[in-house]
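As a plain string of letters, each chain reads:
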Amino acid sequence: MSKRKFKTEVNQLLHLIIHSLYSHPEIFLRELVSNASDALDTLKYLTLTDERYKKIPFDPRIDISFGQQERRVITLSETKKERKVITVSDTGIGMDAEELEKNLGTIARSGTRDFFGSLTGDAKKDSNLIGQFGVGFYSAFMVSESVEVVSKKAGCEEAYRWKSDGKGGYEIDEAVRDGHGTTVTLLLNGQGEEYANRFSLEAIIRKYSNHIPFPIHLSYETEANDGTKTKKTEQVNAASALWRRPKSDLEEKDYTEFYRTISHDDEDPLLYIHTRAEGKIEYSTLFYIPKKAPIDLFWAEYQPGMKLYIKRVFITDDDKELLPRYLRFVRGVIDSEDLPLNVSREMLQKNAVLAKIKSDSVKRILGELKELKEKDRAKYDLFYEEFRRPLKEGAYQDFGNRELLVELLQFKSTKTEGYTSLSEYKERMTEGQKAVYYVTGENEKTLRSSPLLEPFKQKEIEVLIMDDEIDEIVIPALGRYKEIELKAVKRSDTLDDIKSEEDKKKEKSIGPLLSRIADVLKEEVKSVTASAGLGDSPSCIVADEDDPTIGLQQLLKAMGQKTMPEIKPVLKVNPDHPIVKSLEKTEDGEVFSDTCRLLFEQALLVEGVQLPDSSSFVKRLNRALQRSL
Ligand code: ADP
Ligand code: MG
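Everything quoted here is computed from the prediction, not taken from an experiment. (Residues numbered from 1 in each chain as written. Chains lettered and ligands numbered in written order. Predicted model: local features only at pLDDT ≥ 70, side-chain atom pairs only at ≥ 80, totals over all residues. Heavy atoms only, no water.)

1. Focus: helix H10 (residues 377-397)
Argument step 1. Across its 21 residues, H10 extends only 25 Å between first and last C-alpha, which sits more than 12% below the 30 Å expected from 1.5 Å per residue.
Argument step 2. Considering bend angle alone, the principal kink of H10 is centred on Phe-387 and spans about 70 degrees; proline Pro-390 follows within four residues of it.
Argument step 3. Residues of H10 that are buried: Tyr-380, Phe-383, Tyr-384, Phe-387, Arg-388, Pro-390, Leu-391, Lys-392, Glu-393, Gly-394 and Ala-395. (Helix = DSSP H or I, 4+ residues; strand = E, 2+ residues; numbered from the N terminus. Expected span 1.5 Å × (residues − 1). Bend = angle between axes of the 7 residues up to and from the residue. Buried < 20%, exposed > 50% of the residue type's maximum accessible area, 1.4 Å probe, protein only.)

2. Describing the sheet that holds strand E17 (residues 463-466)
Argument step 1. Here five strands make up an open sheet; going across it, the order is E15-E17-E16-E19-E18 and the pairing mixed. Each edge of the open sheet is held by one strand with a lone partner, namely strand E15 (412-413) and strand E18 (480-481).
Argument step 2. Along the sheet face, helix H15 (residues 471-478) touches strand E16 (435-440), E17, E18 and strand E19 (484-488) and points at about 165 degrees away from the line of E16. (Pairing = 2+ DSSP bridges. Contact = heavy atoms within 4.5 Å. Axes fitted to C-alpha atoms, helices over the stretch in contact; angles between N-to-C directions.)

3. Regarding the state of the cysteines
Argument step 1. All chains considered together, the criterion is met by zero disulfides.
Argument step 2. Note on Cys-540: no disulfide assigned, nearest cysteine sulfur contributed by Cys-596 at a separation of 15 Å.
Argument step 3. The exposure class assigned to Cys-596 is buried, which follows from its relative accessible area of 0%. (Disulfide = S-S within 2.5 Å.)

4. Here we look at the sheet that holds strand E14 (residues 331-336)
Argument step 1. An order of E10-E11-E14-E12-E13 is seen for the five strands of this open sheet, with the pairing classed as mixed. Only two strands of the sheet have a single partner each, and these edge strands are strand E10 (271-277) and strand E13 (313-316). For this sheet, the mean inter-axis angle between neighbouring strands, taken without regard to orientation, is 20 degrees.
Argument step 2. By the bridge criterion, seven bridges tie E10 to strand E11 (residues 283-289) in an arrangement that is antiparallel. Counted as the bridge partner of Leu-271 is Ile-289 from E11.
Argument step 3. In the packing of helix H9 (residues 352-375) onto the sheet, the strands contacted are E10, E11, strand E12 (306-310) and E14, and the crossing angle to E11 comes to about 40 degrees.

5. What to know about the packing of aromatic side chains
Describing an aromatic ring pair means giving the distance of the ring centres and the angle of the ring planes.
Argument step 1. Under the counting rule described, the total for this entry stands at 20 aromatic pairs.
Argument step 2. Measuring from ring centre to ring centre gives 5.7 Å for Trp-243 and Phe-258, while their planes differ by 40 degrees; the resulting arrangement is tilted. Of the two residues, Trp-243 is situated in the loop between strand E9 (229-235) and helix H7 (252-263) and Phe-258 in helix H7; the sequence distance between them amounts to 15 residues.
Argument step 3. A relative accessible area of 1% means that Trp-243 is categorised as buried.
Argument step 4. Owing to a relative accessible area of 2%, Phe-258 belongs among the buried residues under this scheme.
Argument step 5. Ring centres of Tyr-255 and Tyr-272 lie 4.1 Å apart, and the angle between their planes is 15 degrees; on these two criteria the pair is classed as stacked. In this pair, Tyr-255 is assigned in helix H7 and Tyr-272 in strand E10, connecting sequence segments 17 residues apart. (Phe/Tyr/Trp six-rings, centres within 6.5 Å; stacked < 30°, edge-to-face > 60°.)

6. Quick word on helix H20 (residues 589-606)
Argument step 1. Along its 18 residues, H20 runs 26 Å from first to last C-alpha, staying within 8% of the 26 Å computed at 1.5 Å per residue.
Argument step 2. Among all positions in H20, only Val-591, Phe-592, Asp-594, Thr-595, Cys-596, Leu-598, Leu-599, Phe-600, Glu-601, Ala-603 and Leu-604 are buried.
Argument step 3. For H20, the elements touching its buried residues are helix H17 (511-520), strand E21 (539-542), helix H18 (550-558), strand E22 (570-573), helix H19 (578-585) and helix H21 (614-628).
Argument step 4. One or two residues past the end of H20 sits Gly-608, with phi positive at roughly 75 degrees.

7. Description of the nonpolar core
Argument step 1. Residues Ile-289, Val-330, Ile-365, Phe-383 and Tyr-437 are the most contacted members of the largest nonpolar core, which totals 76 residues.
Argument step 2. The element best represented in this core is H9, accounting for eight residues.
Argument step 3. No fewer than three residues from each of domain 2 (244-404) and domain 3 (411-628) sit in this core.
Argument step 4. Core analysis: the second largest hydrophobic core is formed by 47 residues, Met-95, Tyr-208, Ile-212 and Phe-214 among them. (Core = buried A, V, L, I, M, F, W, Y, C linked by side-chain atoms within 4.5 Å. Domains from an automatic or database assignment.)

8. With respect to the environment of Phe-411
Argument step 1. Counting through the fold element by element, Phe-411 comes out in the loop between helix H11 (402-408) and E15.
Argument step 2. Counting along the chain gives 10 residues from Phe-411 to Ser-421, while the straight-line C-alpha distance between them is 6.2 Å.
Argument step 3. Sequence-distant contacts of Phe-411, that is, excluding residues within four places in its chain, are made with Lys-392, Gly-418, Tyr-419, Thr-420, Leu-422, Leu-464, Ile-465, Met-466, Asp-471 and Ile-475.

9. Observations regarding the pattern of salt bridges
Argument step 1. Inspection of every chain in the model, using the stated rule, returns 53 salt bridges.
Argument step 2. As a salt-bridge pair, Asp-50 and Arg-52 come within 2.9 Å of each other at their nearest N and O atoms.
Argument step 3. Among the residues examined, Arg-52 registers a relative accessible area of 67% and is labelled exposed.
Argument step 4. In this structure, the salt-bridge partner of Asp-381 is Arg-377, at a minimum N-O distance of 3.9 Å. Within this pair, Asp-381 and its partner Arg-377 are both found in helix H10, separated by four residues, close to a single helical turn.
Argument step 5. A residue is classified by how much of its surface remains accessible, and Arg-377, at 25% relative accessible area, is partly exposed.
Argument step 6. In this structure, a network of salt bridges that share partners links the residues Glu-385, Arg-388, Lys-392, Asp-468 and Asp-471. (Salt bridge = Lys/Arg side-chain N within 4 Å of Asp/Glu carboxyl O.)

10. Regarding the pairing of E9
Argument step 1. For strand E8 (residues 216-223) and E9, the ladder comprises seven bridges, and the chain directions are antiparallel. Of the residues in E9, the one forming a bridge with Leu-218 is Glu-234.
Argument step 2. Between the antiparallel neighbours E8 and E9 lie five residues, among them Gly-227 with a positive phi of about 90 degrees.

11. Considerations on the packing of H17 against H19
Argument step 1. Where H17 contacts H19, the axes come no closer than 10 Å and their chain directions differ by 85 degrees. The angle between H17 and H19 falls in the class roughly perpendicular. Between H17, through Leu-513, Arg-516 and Ile-517, and H19, the contact on the second element is made entirely by Val-580, Leu-583 and Glu-584.
Argument step 2. Here the contact of H17 with H19 is composed, by residue class, of four nonpolar, no polar and two charged. (Parallel < 35°, antiparallel > 145°, perpendicular 65-115°, else oblique. Nonpolar A, V, L, I, M, F, W, Y, C, P; charged D, E, K, R; others polar.)

12. Re the domain arrangement of the protein chain
Argument step 1. When the domains of the protein chain are assigned, the result is domain 1 (2-239), domain 2 (244-404) and domain 3 (411-628).
Argument step 2. On a C-alpha basis, the centres of domain 1 and domain 2 stand 30 Å from each other.
Argument step 3. Each partner contributes residues to the interface: domain 1 has 25 residues there, and domain 2 has 22 residues.
Argument step 4. Interface area for domain 1 against domain 2, summed over the two sides, is near 2,100 Å², with a carbon-plus-sulfur share of 54%.
Argument step 5. On the surface where domain 1 and domain 2 come into contact, there are one salt bridge.
Argument step 6. The partner of Arg-30 in a salt bridge is Asp-266, and the shortest N-O contact between them spans 4.0 Å.
Argument step 7. The interface formed by domain 1 and domain 2 includes seven residue pairs in polar contact (both at pLDDT 80 or more).
Argument step 8. Breaking the side of domain 1 that touches domain 2 down by element, the ones donating at least two residues are helix H2 (27-49), helix H4 (112-118), helix H5 (123-132) and helix H6 (198-209).
Argument step 9. In terms of residue class, the side of domain 1 that touches domain 2 is made up of six nonpolar, 11 polar and eight charged. (Buried area = accessible area lost by both parts, 1.4 Å probe. Polar contact = N/O pair within 3.5 Å; in protein donor to acceptor, adjacent residues only side chain to side chain.)

13. Considerations on the pairing of E16
Argument step 1. Counting buried positions over the six residues of E16 gives six, a clear majority of the element.
Argument step 2. Note: E16 against E17, four bridges, orientation parallel. The residue of E17 that forms the bridge with Tyr-438 is Leu-464.

Listed below in structure tokens is the structure:
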């Protein structure tokens, strides 16, 4: 027998699971059954593809039982106590001593550290994360004083026992087991005892594991009137590959149950799409859109949500290429009839059949979303709120489906409450309107009060409000919507679109002033132009025609782009504003240059840009205040 210590992160995790995540302890069974099912999947695959395993008998089943176990409690006067136990046993691949050590003594997956980072403090939400992060086994300690795992690897002679009380370490020693597979025995704690009965176990299995594709048997005792006890074993789950069953056989409930099994999510899905393709290539797909974005949606190391089966044999759930990256929030199953079972990972990437399934699937998912948008806008809005950013990534990256993706996009607007789409904007365009106008920035509220929107408000032209960072990149890349140009309000030439003759006259009249201002600000701005209709703002900044906007420059910097040429903005001055009118008459050199700088600096502040020299700004501001008092 050898005693070993857990790796630090296992200890941290166990501490957390036992002390913080206990609000949802029943999930321990979901996790143990899911591991048993994985072990059966692995062995099934090997017996079909690997010569060394072909002779190994494969009789897939998961057995769950409960009962009493005598246990020694060591106190001053040694006593014996009856404790309740639950066992979960499978006929899967099993583990040898080394694997017991590696799989149950360390946390192997790279995303695990992220698990700690993503905890919210809400025990109910957090316990949902356990399964998603590949740390499910340890959830057994929520309901157990100690956990024992006896396992025999398929093809090996020896069996081993792993045992731990979850407090710092574990032991591994030799054991006996009839066939290959794994038996997990939980010596229940106070919290766990309530599960050790037929009704609780059956209910939890039905809730979380009904559609595990292997039979789950529950053993229990019944007592006849005369007191004789009989042991009974009963299959409690549906045990079929649900995605291969005809739609007409399935109810909403079946789909949502299966979703819970594969997603480790407690909520129902927002949408499911079940398809069976027959003809040249044959396959079944079942896709789910979750209600809430998975926690790792924006992590580089996200866990893909798709499982690949070939002829009902599980192949992988770790392939990020099964769907395009921007659909990484979709959960589900792809099952192909036309791929060879022992297809390698590299082959999968190049496989034409899989490429076809992928492209059909993307079209189908996007098509369903479009239909949802048309039929149930409120529900679509819920989806959009969670997943608009990946959709925008898609509109940017996926040229082939761009047209469809663009129809799925929605934006806030100066003319509507809630979201509106580009096609709806097009419907509302006024006579003679040249483009779809939009304004980008960080914050909806500041955008709505931006001086740049004033001229559009006066002329009753709608402007789309875009407050997602990614809009700065995506919308210019789209360029047009159905031949209509998409134009940023923050570009110098855009305001020209909507100018009246009168505006132009006013702007011309301050020509000499503009060159005096430009003289003062020649280091800071590219040029100074006039813009009528800025309302009560004296000035604003825009980007020159082909330059990136300030927002985009900041975004690129934040994304780590270091070598960026300094790009100066264009200052726009409002000829109608009293400050500008007085400035025209100012002779005093210091007053003139202070005012010019303040016009520029306040325009930067409105854009949310940090001033390069805030102390001299404050000095200028104070001089101006003093003069006015
Ligand atoms: P995950 O299942 O996401 O990998 P777990 O914490 O649930 O994470 O399990 C850790 C590892 O322990 C599994 O990846 C597997 O290698 C091993 N394991 C757990 N239970 C079994 C089992 N019943 N049979 C074989 N291996 C198992
Ligand atoms: Mg697991």
